[in-house]
Structure formats: C-alpha cells, structure tokens
Amino acid sequence: GASAGASAGASAGASAGASASASASAGAGASVPRKVSGVGHLNNPRIELGLKRRTSTIFSKATLSKSSSVGGAIDDLDLYGEMGERNENYRKNMAANNRLSIHENGKDGENSIFEVDYEAESVLSSKIEEKSSGFIHGNFSSGKVKEIYLKSKAFVIKFNTDSTILAVGTSDGGGVELYETSQFHLIHTIERTSTVSALDWVEFDEEMDAKVLGKGGDNKNSQLLAVGSFDGFVKIYCINSATDDVTLVDSFQIESAICSMSFIKDAATNYAPRPLSIATGDRNGNITIVNLGEYVDMSKNAKRIRILDAFESPVLSMTFGFFESNEKGLSQFQDEISIIMVCGSRNGEVIASIIRQIGEEWHTVQVLFRLERQGAIRTLRFNHDGTTLVVGGYDKTVLFINTMLWKIVRELEVDGTIQTIEYDPYNRYLLLGSRSNVMTVVDTSTLHTIKTFYTQGWVTSISWGGNSVIAMRSSNQVISLILFEPIQSLGITLPSSRGEDCSISWSTDGRFLARTLGSDVLIADSRKNFETIAKLSDVAVIDETEIARSVRFCEVEGRQDQLAIVGQSGQLRVVSIRVSVGKIHQQLKASIFVEKDLRSVAWSPDGKSIFTGGRGGSLHILSATTYDRTSEPINTGGRIWMIDSLSQAAYNDVGEYAASFAIAITNGRNICSVFDLQAKEANIEITRKRTVRCIKFHPTLSVLAIGDGSNEVMIVDLVGERKLASFFVDGRVNSIAFSPVGDYIAIGCDENIFSIHETTTFKIVQEI
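Residues numbered from 1 in each chain as written. Predicted model: local features only at pLDDT ≥ 70, side-chain atom pairs only at ≥ 80, totals over all residues. Heavy atoms only, no water.

**Some points on the overall build of the protein**
Then, in step 1: The helix and strand tally for the protein stands at five helices and 58 strands.
Then, in step 2: Residues classed as buried in the protein amount to 58% of the 768 residues present.
Then, in step 3: Across the protein, every contact between residues at least 6 apart in sequence was considered, and the portion connecting residues at least 24 apart equals 52%.
Then, in step 4: Surface exposure of the protein reaches about 30,700 Å², of which carbon and sulfur atoms provide 45%. (Helix = DSSP H or I, 4+ residues; strand = E, 2+ residues; numbered from the N terminus. Buried < 20%, exposed > 50% of the residue type's maximum accessible area, 1.4 Å probe, protein only. Contact = heavy atoms within 4.5 Å. Areas by Shrake-Rupley, 256 points an atom, 1.4 Å probe, with all protein chains shown as cover.)

**Re the packing of aromatic side chains**
Then, in step 1: Following the criterion strictly, the structure yields seven aromatic pairs and no others.
Then, in step 2: Note on tyrosine 271 and phenylalanine 322: the rings are 5.9 Å apart at their centroids and 85 degrees apart in plane angle, and the pair reads as edge-to-face. Here tyrosine 271, found in the loop between strand 16 (258-263) and strand 17 (277-282), pairs with phenylalanine 322, found in strand 20 (residues 315-324); they are 51 residues apart in sequence, far enough to count as distant.
Then, in step 3: Relative accessible area serves as the criterion here: at 27%, tyrosine 271 is assigned to the partly exposed category.
Then, in step 4: The buried category is assigned to phenylalanine 322, whose relative accessible area is 9%.
Then, in step 5: Taking NZ or CZ as reference, arginine 283 lies 5.3 Å from the ring centre of phenylalanine 230, over its face. (Phe/Tyr/Trp six-rings, centres within 6.5 Å; stacked < 30°, edge-to-face > 60°. Lys NZ or Arg CZ within 6 Å of the ring centre and 35° of its normal.)

**Focus on the environment of threonine 189**
Then, in step 1: Structurally, threonine 189 is set in strand 11 (residues 186-190).
Then, in step 2: Threonine 189 sits in the partly exposed class, given a relative accessible area of 33%.
Then, in step 3: For the pair threonine 189 and valine 176, spaced 13 residues apart in the sequence, the C-alpha separation amounts to 5.5 Å.
Then, in step 4: Residues within four places of threonine 189 in sequence aside, it is in contact with Gly174, Val176 and Glu177.

**Concerning the sheet that holds strand 25 (residues 388-393)**
Then, in step 1: The four strands are arranged 24-25-26-27 in an open sheet whose pairing can be described as antiparallel. The two strands at the open ends of the sheet, each matched to only one other strand, are strand 24 (377-382) and strand 27 (407-413). For this sheet, the mean inter-axis angle between neighbouring strands, taken without regard to orientation, is 20 degrees.
Then, in step 2: Relative to strand 26 (residues 397-402), strand 25 is paired through four bridges, and the arrangement is antiparallel. Bridge assignment links valine 391 to a residue of strand 26, and that residue is leucine 399. (Pairing = 2+ DSSP bridges. Axes fitted to C-alpha atoms, helices over the stretch in contact; angles between N-to-C directions.)

**Quick look at the side chain of threonine 195**
Then, in step 1: Structurally, threonine 195 is set in the loop between strand 11 and strand 12 (196-203).
Then, in step 2: Polar contacts involving the side chain of threonine 195 include one to the main-chain amide nitrogen of aspartate 172, which spans 2.9 Å. (Polar contact = N/O pair within 3.5 Å; in protein donor to acceptor, adjacent residues only side chain to side chain.)

**Details of the nonpolar core**
Then, in step 1: Formed by 19 residues in total, the largest nonpolar core has its most connected members in Leu224, Ile236, Phe252 and Ile278.
Then, in step 2: Going through the elements one at a time, strand 12, strand 13 (222-229), strand 14 (233-240), strand 15 (246-253) and strand 16 are the ones with two or more residues in this core. (Core = buried A, V, L, I, M, F, W, Y, C linked by side-chain atoms within 4.5 Å.)

**Focus on the sheet that holds strand 54 (residues 722-728)**
Then, in step 1: Reading across from one edge, 51-52-53-54 is the order of the four strands in this open sheet, with antiparallel pairing throughout. Every other strand in the sheet has two partners, leaving strand 51 (692-697) and strand 54 as the edge strands with one partner each. Here the average twist between neighbouring strands, direction ignored, is 20 degrees.
Then, in step 2: Sheet analysis places strand 53 (residues 712-717) next to strand 54, joined by six bridges and oriented antiparallel. Its bridge partner lying in strand 54, methionine 714 is registered against serine 726.

**Here's the deal with the pairing of strand 26**
Then, in step 1: Most of strand 26 sits out of view: five of its six residues are buried.
Then, in step 2: Between strand 25 and strand 26, which follow one another and run antiparallel, lie three residues, and lysine 396 among them has a positive phi close to 60 degrees.
Then, in step 3: Where strand 26 and strand 27 come together, six bridges link them in antiparallel fashion. Directly across from asparagine 402, in strand 27, lies its bridge partner lysine 407.

**Comments concerning the pattern of salt bridges**
Then, in step 1: For the coordinates displayed, the defined rule picks out 15 salt bridges.
Then, in step 2: The shortest N-O distance in the salt bridge between glutamate 712 and arginine 688 comes to 2.7 Å. Of this pair, glutamate 712 sits in strand 53 while arginine 688 is found in the loop between strand 50 (681-687) and strand 51, placing the two residues 24 residues apart along the sequence. Neither residue differs from the other here; glutamate 712 and arginine 688 are each classed as buried. (Salt bridge = Lys/Arg side-chain N within 4 Å of Asp/Glu carboxyl O.)

**Digging into the environment of isoleucine 565**
Then, in step 1: Mapped onto the fold, isoleucine 565 is located in strand 40 (residues 562-567).
Then, in step 2: Along the primary structure isoleucine 565 and aspartate 520 are separated by 45 residues, whereas in three dimensions their C-alpha atoms are 9.9 Å apart.
Then, in step 3: Among residues more than four places away in sequence, those in contact with isoleucine 565 are Val521, Leu536, Ser550, Val551, Gln571, Leu572, Arg573 and Val575.

**A look at the pairing of strand 8 (residues 154-159)**
Then, in step 1: Pairing between strand 8 and strand 9 (residues 165-170): five bridges, direction antiparallel. Residue pairing across strands places lysine 158 opposite alanine 167, the latter belonging to strand 9.
Then, in step 2: Connecting the antiparallel pair strand 8 and strand 9 is a turn made up of five residues, with serine 163 showing a positive phi of about 60 degrees.

**Considering the environment of histidine 384**
Then, in step 1: Here histidine 384 shows up in the loop between strand 24 and strand 25.
Then, in step 2: The spacing of histidine 384 and alanine 267 is 117 residues in sequence and 7.9 Å in space, taken between C-alpha atoms.
Then, in step 3: Within the structure, the side chain of histidine 384 is placed 2.7 Å from the side chain of asparagine 427, a separation counted as a polar contact.

**Observations concerning unusual backbone geometry**
Glycine aside, the phi torsion of most residues is negative, and most peptide linkages are trans.
Then, in step 1: Notably, lysine 396 is not glycine yet its phi reads approximately 60 degrees, a positive angle.
Then, in step 2: Considering the arrangement of structural elements, one finds lysine 396 in the loop between strand 25 and strand 26.
Then, in step 3: One non-glycine residue, glutamate 721, lies in the positive phi region at around 50 degrees.

**A look at the confidence of the model for the protein**
Then, in step 1: Averaged over all residues, the pLDDT of the protein equals 77, while 73% of them reach at least 70.
Then, in step 2: Here residues 36-73 scores under 50 on pLDDT; set against residues more than four positions off or in separate chains, the count is 130 contacts.
Then, in step 3: Across residues 326-335 the pLDDT falls below 50, and counting only partners more than four positions away or on other chains, this stretch makes 16 contacts in the model. (pLDDT = per-residue confidence, 0-100.)

Here is the structure:
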C-alpha cells in the first residue's frame, strides 16, 4: 500500500515543477503583480494533504475512455457531497447511440421491479432515453440490464481488477466461464471436474511474475486468476484480456475441499507483494499458504504447501489488509508493512492475526483479535482504507469492527443469513447479499438502506465492476447485471448554445440547488424530488427582459442560508432560504443596484463581504450586513467574466497572509488576476496560452484551478506561487468544480462532455 501511494505521488510530481515568481516596483512605487509561470512539484507538505489520496486499480482504461453526448456545451458545474457521501452525482457514464427502455413489470409494496430491454453494443455505457426518478435523497433509478443464463449452477462470481472480464465459477464440473464486459459474451470456459468454490484476481507484474511463473510473451493486458475447488485443487491462470489467451501457470492441491481462497493482497487497493502467495481455507479447518512458482508439475508441490493455522471447523471466509507496523505497536517490525489476515469459520469464530514471511515460510506473528458468534461466518470485508472490518453470517447481523481498537462499533440487523458483502469502488455503498433472496444497498455514512433488489434465489455472490455495473448471482443458473447509476434531469432553457447565462450553486448542506432560468432563479429541494420550492420572482419584482447570470450560496457558517444573485439589470439581490417546522421560508434581504450588466458574484472567505463585477470591468465590494460599499470600485483592466474567493477553511489555515490572494478574477484575457483584499489591487497575475475561461479555489487549500481556451487545466499553489500540475481535456474549459473535500475535480468543456478527475494524478475516473 505504501509503495502504491508513493508511486502515485511520484507520477503526479513528475508532471509538476518549480516556481518562478518575483515582485518589482515601477514608476513612483506602484506595485506590479507578480507573474507565476514555469512548473512545480506536488510534494509540498501543505498541498499533499488535500491532493494526495489512497490509490486503487479499479478502473479500466477501456472503461474510462468511454464518453457520450450530453446535447450541448457544459458551461457550469457544481458538485455536492459530504465527508461520508462524496459527490453523488458523478456516477453516470453513457454512450451516444445506445438505448435502454425501462418497463415497470410489477410492484411489491413500495419496491418497483424493473425489467430492461437492452439495445446497444455495450451494457457498461448505455444511453437512457426515458429518464426515471434518479438520485433523490438516497433513491436510485436502477434495474437489471442483462441476465446471463448458465448451463450449470453458479457458485461464485468475480470481476477482474479492471472490470474487463467477469469470471463465473460453477458447480459439478461446469468449470469457470469467462465473459467480456462490453456485451457480456462468453469468451472462454476453463474446464474443471469439481465445483468451483473460490475465485480471485491479481494484476500480472511483467517484471516479477514473468520470472517466477515463467510466462513469456506479451503480458501487457494480462491478469492472474486463481481458481479453487472442492477437490482441493488450486490452479492459477494467466489471462490476456486483449487476446483472450488463457494459460495455466501454476497448480497445487491440498488435502481437503477449498471453502475460501485469496491472494495475499491488500483488499482495499488490490496491491499484492511479490513473489505472489495464495492462502486457502479448507473443510478440515486448515489455513494453508503457498508461494507461487513455476510448478505446474504436481509432483513438485508438496514441499511448498505449509499449514499456517487451524480452526475446529471449516474456514468459510478470509480477507487481508495491510497496515504500518508501528501503528500496531510492533517494535520489532518498525517501518515495515504488516499483513493482517482475518478468517471466519463455520463455528462462528473470527480471528485476526498479523502474518509475516520469514525466508520461504509464513508465520503468525501476533493474534490481534478473537470473536465468537452464533453460527457460521460466511463473509469478511475491509473497507477502502482498512480502518473497518465488516463481518456477516448466519446470525443475521452485520458487524462493523474498528481495526484501530479492534472493537465492534456498529451492528446492523438484517433479514436472513448474510452470504456475501461487497463495497462499491468509491466506498459509498455496501452491498449485502442474503438467503432471504434480496440484495440490499446500504449507505456507508449512515448505514441506512437505500435500495433493495429482489431475486429468485439466494444471493450468494456479488461483484461490483466498473461504470456502476453490479454482477449478482440471483438464482441457481442466472447472473443478473444491474446498472446502478444516479440520474436526474432538470430542465433549463438557455438563450445561447454557448450557455454564458447558465449558473448553478448548491447550498453547503446539499439540501438546495439554485439555478438561473432566463430572468428568474429557481431553487430546487433535493429532498423533494428536486421540486422547485422557491423562485426569485416570488419575493422580487423582475423585468422579464433582464437575464440572471450568476448565483452563489454563501459557504461561511452563520450565512449558509443566503444566496447572492446578479444579472444584466445590475441589481445585487440576496435571498435567505430557511427551513422551519418542516416548511421552507424565502426572504429577500437586499436588492441593491451596483452597475449594469453584472456577470459574476462571490462571497469573501469570512462571509462579511460580497464581490461582484461585470462588463464595466470594476470589482465592487459590498458589506454582507449593510450592503453598503466598503471601498471604491477596483479597476481590473477588462470586463469581469468570473470571480471566485478563497474558502473559509483555507483562509483560517493560512492566517492574515491569505488576504493577499483571497480573490481571483478572469476578465476575458489570457490572464488570471489574484487580488489583495487589504491593498485592493492585483497581487499575482497568472498567464496562460489562451483566454482564461474559468477558475475555482480548492475547498480546503490555498490552491487555484484555472481552465483556459487551450483545453488545459492548471493547478496553482498560491502560498508557494508555483504550478503544481496541469492536464488537458477534450475541449475548451468552461467550468470547474471541486468535490467538497477536494479529492475530485470536475471539468465541463465545449465538446458536450464533462470529466471527473481524482486529484492525485488527475487521471479521469468518469467521463460523461
């Protein structure tokens, strides 16, 4: 895990560089804005806190390259989310010419059952013509998009690490069926004579694995699949997703039927140390670890099979997590990565141990935790950062165990024995499959059930692939594929296809969404199906010929109910939206004429001032209490297109010095000007190749993202006055939005798409 994070930081750092900034004097002591150019690096202690995050290998290059037409230029974006429910609105990925028609087949109480006729080349990227209810406060538009019918009974299913192949293990000699994930056609069947009871994937390391496993040739698209069965055999295959080649590279047999199996790898990141090892739990209660090698010949296997531990009953589940040794108080292994193995048995035992390889043998170093439950422990799962272990089984209770304290912190009662547990790739949802013929989707931040899927049989295996596709064993011989994506469309009419007069803003708590619509501003309630619950025209007299151009909720505590609005008329209006006794109250707090044709509005970091400006080229600063001007208008050198200000968190973190770069402005040129609030003048000028079209401050750091007409987004550290990174998108950049904790950045551009990038390496994680 440590090396994975380091490599991500290094790759980001490679694309960043050093700064060159200076200040000078001209004329009679007049200050000249400092120029920021050159390149910097990402390894700034202040910056890495917000821009570095745990890496994962869940995304497929093929998956991430897909995009679809939205129907027009994307000119404004705003992401909503909280620490526990991040950016609920980015999980949609559609293709341009595909179609899904959704037909309601019947109802069971309040739960609709959907059948979906699929007409497209790809289930993973499909366009939905008839919009359904979508994501509204935890409810999703979702349903089956395809079903795979098997000749034999399905026992276990597993997507590979980049979701390009779905492996299905079957019973009674049906073998392992491999399906490609564009159309889910069968591409290969691996023959086995016994029931396939366990599957696991790991990426193929060309340098390390080719030496140990003796696999030559082109391994660029290869992954290793381990197949365990009731006859005690484990066979490892090298599978090339590009050529569909399947090669047996290793094999061994233990004394009893295999009940559980896993590569020794971090369950959160899929990182597996080399040389590879694989662990099995069998019907006799033994835990066996085998170091892989070029031993297809079974006669050579006995010497490398070692029993690590033994239970009094079959070992039904196992998982691994990687932790820093010093966090566990293991002084003898300081500064090394500890591997924690957790196993569950039929008798209800759960044991968590630290294991370590010494020489060629694995040993248990320390037992961290023991637990006894009533009935079999059928599934175990670490969350995304290994801080929580989730346990499920026969007692119809899901346990959440804090792995720092090794104590049960939450219990969730369910209907039926829990057979399988799966997290989504973003750790927002927990999927629970049970013997009560349902799959339940649970919000990981609140542990509330947000969706239930009803099936014809026990849900004994679930695998979450890329692009919101879930594979689920829904009956003996059926695998259901479910497209689980939030969809919501709010109507808007723009006078121009360029969308200059489109502006949207979330309230800080995500309850309200304000958007411009001609001369009016509409406010939608996310808890009421995004119903329009207030309009500016309800409390203010509006000329139908004027155009509302910019809306912005205040993000500062104490003023988060206030919405600032400006437009063509030159009026600055401030509206308060409050909820009292279940009712929503709207109040016009101010309506002040500033100057004609205002184009942008923003709040100061402390919420005490409002900034606005437009075609006149002057920056106006008004008190957020009295709405009087607090200074003379500041000449910015051109008409103002966009204004943004430093966040309250970043302002408080830096201190008084933050006032020197608290506000940024674009004015139709290839320069972004950063202003000093105290001196009331431009302090830094950031020059780009083409016109600067949009800007956005990071929500917690003194970092500014700048988008321009050359399709480039540049990330600038304003404390160090240096470029941190830059990346390109497929069109001129019109809008930028950070997620609330800054781990994602969304980019809207001219080419009818917007993309979402993680802020470690700024690679695309979703493109719409």
